[in-house]
Amino acid sequence: LEHAFERVIVGKIFSDVPLGLYVIRGENVVLVGQVDEEKEAHTTQVLLERVPVEQMLEAKKQAEEDKRLKATLSQHLSKQQEPWDFDP
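Each value, and the rule that gives it
- Residues numbered from 1 in each chain as written.
- Predicted model: local features only at pLDDT ≥ 70, side-chain atom pairs only at ≥ 80, totals over all residues.
- Heavy atoms only, no water.
- Buried < 20%, exposed > 50% of the residue type's maximum accessible area, 1.4 Å probe, protein only.
- Core = buried A, V, L, I, M, F, W, Y, C linked by side-chain atoms within 4.5 Å.
- Contact = heavy atoms within 4.5 Å.
- Pairing = 2+ DSSP bridges.
- Helix = DSSP H or I, 4+ residues; strand = E, 2+ residues; numbered from the N terminus.

A. Representation of unusual backbone geometry. For His3, which is not a glycine, the phi torsion comes out positive at approximately 60 degrees. Owing to a relative accessible area of 70%, His3 belongs among the exposed residues under this scheme.

Set out below in structure tokens:
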């Protein structure tokens, strides 16, 4: 595929990251179809905000860090919780 790009969405912001020439191998087959211009316009102009690629990559990095921190805290808290003792 020539002039390929990846649309990255984090929350309510998005950016199209250019990939350039994209070679498709057997395990990377993708179904490609026409884009409904009306839905595309509604999504990119009303529902989401387009931001520069650098800002999107920073937001993606922060979202991944937040997710990792949340998982670590959840795991830590579940280990500390003692079983309930119902015996008087």
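B. How the structure looks around the nonpolar core. With five residues, the main nonpolar core is built from Val8, Ile13, Val17, Val51 and Met56. Apart from the residues within four sequence positions on either side, Ile13 is in contact with Val8, Leu48, Glu49, Val51, Met56 and Ala59.

C. Examining the sheet that holds strand S2 (residues 13-20) more closely. Within the open sheet, the three strands sit side by side as S1-S2-S3. Their pairing is mixed. Of all strands in the sheet, those bounded by a partner on one side alone are strand S1 (4-10) and strand S3 (49-50). Both S1 and S2 contribute to a ladder of seven bridges, which runs antiparallel. In the strand pairing of S2, Val10 is matched with Ile13.

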